[in-house]
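Here are the chains, one letter per residue:
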There are 2 protein chains.
Amino acid sequence: MLRVMVVDDQALVRRGFALILDNEPDIEVAAEAATGIEAIKAACAHQPDIILMDIRMPEMDGLEATARILEASDATCRVIILTTFDPDEYVFRALRAGASGFVLKDIPPESLVEAVRTVAEGGAMLAPGITQRLISQFAQKMEAGRNLSERLERLTTREREVLEAIAAGKSNAEIAEALFIGPATVKTHVSSLLSKLGLRDRAQAVVFAYECGLATVGERNVGF
Amino acid sequence: MLRVMVVDDQALVRRGFALILDNEPDIEVAAEAATGIEAIKAACAHQPDIILMDIRMPEMDGLEATARILEASDATCRVIILTTFDPDEYVFRALRAGASGFVLKDIPPESLVEAVRTVAEGGAMLAPGITQRLISQFAQKMEAGRNLSERLERLTTREREVLEAIAAGKSNAEIAEALFIGPATVKTHVSSLLSKLGLRDRAQAVVFAYECGLATVGERNVGF
DNA sequence: GAACATCTCCACCTTTTGGGGGAGATGTGA
DNA sequence: TCACATCTCCCCCAAAAGGTGGAGATGTTC
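About the cut-offs
- Residues numbered from 1 in each chain as written.
- Chains lettered and ligands numbered in written order.
- Predicted model: local features only at pLDDT ≥ 70, side-chain atom pairs only at ≥ 80, totals over all residues.
- Heavy atoms only, no water.
- 1 Å grid on protein atoms, 1.4 Å probe; cavity = no way out; pocket = protein on both sides within 12 Å on 5 of 7 lines; lining within 4 Å.
- Points joined across faces, edges and corners; volume = space filled by probe spheres on them.
- Helix = DSSP H or I, 4+ residues; strand = E, 2+ residues; numbered from the N terminus.
- Nonpolar A, V, L, I, M, F, W, Y, C, P; charged D, E, K, R; others polar.
- Contact = heavy atoms within 4.5 Å.
- Buried area = accessible area lost by both parts, 1.4 Å probe.
- Salt bridge = Lys/Arg side-chain N within 4 Å of Asp/Glu carboxyl O.
- Polar contact = N/O pair within 3.5 Å; in protein donor to acceptor, adjacent residues only side chain to side chain.
- Disulfide = S-S within 2.5 Å.
- Buried < 20%, exposed > 50% of the residue type's maximum accessible area, 1.4 Å probe, protein only.
- Least-squares fit on C-alpha atoms with pLDDT ≥ 70 in both.
- Expected span 1.5 Å × (residues − 1).
- Arc of directions from axis to C-beta.

**Observations concerning empty space enclosed by the protein**
A water-sized probe rolled over the atoms picks out the places where empty space is left. Residues and elements named next belong to chain A. Tallying each qualifying case throughout the model produces 1 cavity of 30 Å³ or more. Looking at the largest cavity, the residues that line it are Val6, Val7, Asp8, Phe17, Leu52, Met53, Asp54, Leu82 and Lys105. Put simply, the parts of the chain that give the lining of the largest cavity at least two residues each are β1 (2-7) and β3 (50-53). Here the residues of the lining of the largest cavity are counted per class, giving 6 nonpolar, no polar and 3 charged.

**Quick look at the interface of chain B and chain A**
With 52 residues of chain B at the contact, the number on the chain A side is 52 residues. Across the chain B/chain A interface, buried area totals approximately 4400 Å², and carbon plus sulfur atoms make up 65% of it. One salt bridge connects Arg200(B) with Glu174(A), and the closest N-O pair in it is separated by 2.9 Å. In this assembly, chain B and chain A are joined by 12 residue pairs in polar contact (both at pLDDT 80 or more). Looking at the side of chain B that touches chain A, the elements with two or more residues in it are α4 (88-97), α5 (109-120), β6 (125-126), α6 (128-144), α7 (146-152) and α11 (202-211) of chain B. Top contributing element to the side of chain B that touches chain A by residue count: α6(B), with 14 residues. Class assignment for the residues of the side of chain B that touches chain A results in 25 nonpolar, 14 polar and 13 charged.

**Regarding the state of the cysteines**
Residues and elements named next belong to chain A. Per the counting criterion, the structure on display carries 0 disulfides over all chains. The structure places no disulfide on Cys44, whose sulfur is separated from the nearest cysteine sulfur, that of Cys77, by 10 Å. By relative accessible area, which is 56% here, Cys44 ends up exposed.

**Description of the relation of the copies chain B and chain A**
Taken together, a rotation about one axis and a shift along it account for how the two chain copies relate. Note on the copies: chain B fits chain A at an RMSD of 0.3 Å, the axial shift is 0.2 Å, and the rotation between them is 180°. Here the transformation between the copies is reduced to the relation of a two-fold axis. Among all residues of chain B, the minimum C-alpha distance to the rotation axis is found for Ala203(B), at 2.1 Å. Most of the interface of chain B is mirrored in chain A: 100% of its interface residues are interface residues there too.

**Structural notes on helix α1 (residues 11-22) of chain A**
Residues and elements named next belong to chain A. Here α1 spans 16 Å end to end across 12 residues, near enough to the 16 Å set by a 1.5 Å rise per residue. Along α1, the residues classified as buried are Arg14, Phe17, Ala18 and Leu21. When α1 is viewed along its axis, its buried side chains cluster within an angular range of 100° and face the same direction. Away from the buried face of α1 by more than 90 degrees, exposed residues Leu12 and Leu19 are located. Next to the buried residues of α1 lie β1, β2 (27-33), β3, β4 (78-83) and α5 (109-120).

See the structure below:
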């Protein structure tokens, strides 16, 4: 039995969702809340499997409440944001807060039920338009490096290694140490790769490495 | 009327999908193809609205065919990848090729129909697990900059501007010109921001800018 | 008004970087 | 074998970068 909590400041909406869900044999509405603060308390008290969360609420909005609930170490529940609007800002904040779903209130009832089941099974459910935008963003990042990657292929293996080290913020001396070669050799490689790539200095080289995908945000190879 | 094309090398599977779709009043199967090559020709000849594309096929796989079809300048159709497996490599290649959907063959028939309608309306449809992974990747990138963004706030407005310029690969002289200040002033700002952020040189500053989200891949503010 | 932050600039100095040119060792392929 | 690419290292030199300390001109805040 899936235990669901519904959070919305409008009692009418809240009851409506609750009725739809309670109508399903394998779903029960275990709790309701009208504000973010209430939601946090209720989540703690009733330990639901799934939380349907509105964004616009008095006291504390749904995104903040979602973040608070999910960052609790023993949190096992999953959150679906259920709202009327879908500006990018909300979506990003929701995903960062850890939401597993972001659906609009204009979906048909059966889709809401489907979303709850999907998320309960470990999947994620986004409104189609949001999925579309997420994909676009993703594809754009991947596409960015295409032309630049071709230039990358003109480098020798060693030069690429040096470029990677540069992109990790290393100085020539540190690169020499890391690659077990002399500092003079590093300088040779640096000069060579800069001229091959048409770059002026190592700062541009770092930019290039990120833009073409050689370096990626969040890798944490960085020494600071 | 939505005109759909089904591409799969197994005739039985292909006919099965076609029958499911033809059963809907607003959908008709306008063409079928058994290989990537055939798919490209058929797409050109029949101009379907939606293409359901298998990946594993002889002659040319579905991802390659998708890319070819969508990169045609007059391409108006949208592609849903329909496969048995979902390794990350396939998903990324599919999204990069421009697919609007990626669903697994084990979904219920009504979900397939729903996916077709969703994509036809301009949305996107991914298998729940894939959506989940896409979100995770996204959240990870966003999360990366959290700690670093706090350090960013210790900078003054001017210092942040200089940092942005550094992250665009500009030299001190170029920054001076861009901000209408003297080169000496730029050096002051650079020294100051490096020490505030605990960085050693401008190369590390570029890394920092990317890691904390001040600079983003694909912005193309870069001068090379 | 005094303390403070910010932005602007200067001089002096050291270190790092990048360019030019050269050279030996190795391996690969024509 | 000979040409070619690659990796290694050297020297010299000029330019850029970074550190230190100082200073005047604004504001803002208490």
